[in-house]
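# Coordinates in review
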Amino acid sequence: MEGRNEPQWLSPDESDAWLALSWLMFRLPSAFDAQLQRDNGISFFEYLVLAGLSMSPGRRLRMSVLAQFVNGSLSRLSNVVKRLEQRGWVFREPSPENGRFVEAVLTDPGWDMVVEAAPGHVAAVRRYVFDALRPEQVAQLRDIGRQVARQVAPDHNWPPSAPRNIVAD
């Protein structure tokens, strides 16, 4: 069986698409990180944690659900939540429904930070992503992102468990 172990090489179009995607996977988070660090003194990951909590009922989520939402490990999330606790933006407590689970809860000062950081972050997302796309490409990007995400993590629900919009109290 000759050629059995031969890799299925990427076509020129697939190679170009892969190179563009891999470049984005590293550069886009760095661009968001730089904007948030400059404007608010927080990392992109910290912002995602705060925003995920701000969009959740009661501004609280189980740590495991929050880890899925921010696409991070529980240990990384725990370290970041510890830093956010030290800043007074988050606290952890046992779940009221089931004390075996720990929930992260956004405090009022944490909410204030999200409200302060969100306009600049949304402007960066618009500038780096959506200003470059036609409306039909936005739907294509969503569909492609979800399809690839299902290939990477078929056991996870998509989208992660958190409401879509930040709503003021």
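Sequence order sets the numbering: in each chain, residues are counted from 1 along the sequence as written. The predicted origin of the model limits local features to residues at a pLDDT of at least 70 and limits the giving and counting of side-chain atom pairs to 80 or more, whereas totals for whole chains, interfaces and linings rest on all residues. Computation of side-chain values covers all heavy atoms of the structure but excludes hydrogens and water.

The next thing to look at is the overall build of the chain. The helix and strand tally for the chain stands at six helices and three strands. Helix and strand labels come from DSSP, where a helix needs a run of H or I of at least four residues and a strand needs a run of E of at least two; each type is numbered from the N terminus. Listed by position from the N terminus, the elements making up the chain come as α-α-β-α-α-β-β-α-α. Expressed as lengths along the three principal axes of its C-alpha atoms, the size of the chain is roughly 60 × 40 × 25 Å. Each of the 169 residues in the chain was classed as buried or not, and the buried ones make up 30%. Only heavy atoms enter the contact rule, under which two residues are in contact if any of them lie within 4.5 Å. Expressed as a percentage of contacts within the chain between residues at least 6 apart in sequence, the contacts between residues at least 24 apart total 57%. Remark: exposure states derive from per-residue accessible area (1.4 Å probe, protein chains only) relative to the maximum for the residue type, with buried under 20%, exposed over 50%, and partly exposed in between.

Before going further, it helps to spend a moment on helix H4 (residues 74–86). Relative to the 18 Å expected for 13 residues at 1.5 Å per residue, H4 spans 18 Å between its end C-alpha atoms, a close match to the ideal helical length. Every buried residue of H4 is accounted for by Leu-77, Val-80, Val-81 and Leu-84. Summarising the axial view, the buried residues of H4 lie within an arc of 105°, below the 170-degree limit, and thus occupy one face. Among the exposed residues of H4, those pointing more than 90 degrees away from its buried face are Ser-75 and Gln-86. A helix is expected to span 1.5 Å for every residue after the first. Note that the arc is defined by the directions from the helix axis to the C-beta atoms.

Throughout this description, the term salt bridge denotes a Lys or Arg side-chain nitrogen within 4 Å of a carboxyl oxygen of Asp or Glu. Counted under the stated rule, the structure contains eight salt bridges. When the shortest N-O distance is used, the salt bridge between Arg-92 and Glu-85 registers 2.7 Å. Taking the relative accessible area as the measure of exposure, Glu-85 reaches 26% and is therefore partly exposed. What you see here is one network of salt bridges that share partners, running through Arg-60, Glu-93 and Glu-103.

Turning to the packing of helix H2 (residues 44–54) against helix H5 (residues 108–128), a few remarks are in order. Where H2 meets H5, the closest approach of the two axes is 10 Å, and the angle between their N-to-C directions is 115°. Of the two possible hands of crossing, H2 and H5 adopt the one that is left-handed. From H2, Phe-44, Tyr-47, Leu-50, Ala-51 and Ser-54 reach across to H5, where they touch Trp-111, Met-113, Val-114, Ala-117, Ala-118 and His-121. Three classes are used: nonpolar for Ala, Val, Leu, Ile, Met, Phe, Trp, Tyr, Cys and Pro, charged for Asp, Glu, Lys and Arg, and polar for all others, with Gly counted as polar. Grouping the amino acids of the contact of H2 with H5 by side-chain chemistry returns nine nonpolar, two polar and no charged. Here, axes are lines fitted to C-alpha atoms. For helices the fit covers the stretch in contact, and angles between N-to-C directions go from 0 to 180 degrees. Handedness of a helix crossing follows the sense of rotation of the near helix relative to the far helix, less than a right angle counterclockwise being left-handed and clockwise being right-handed.

Exposure above 30% relative accessible area and the lack of any salt bridge qualify a residue for a patch; like charges then connect within 9 Å, and the nonpolar side chains Val, Leu, Ile, Met, Phe, Trp and Tyr within 5 Å. A 1.4 Å probe and the Shrake-Rupley method give the accessible areas. Residues count as covered only by the protein chains that appear here. Among the surface-exposed residues, Leu-10, Trp-18, Leu-19, Leu-21, Met-25 and Phe-26 lie close enough to one another that they form a single nonpolar patch of about 650 Å² accessible area. Take Leu-21: it is sitting in helix H1 (residues 12–40).

The next point concerns the pairing of strand S3 (residues 102–106). S3 sits mainly inside the fold: four of its five residues count as buried. Direction of pairing for strand S2 (residues 90–94) relative to S3: antiparallel, over a ladder of five bridges. Directly across from Pro-94, in S3, lies its bridge partner Val-102. Any two strands with at least two DSSP bridges between them are considered paired.

Just distances and angles here, no functional claims.
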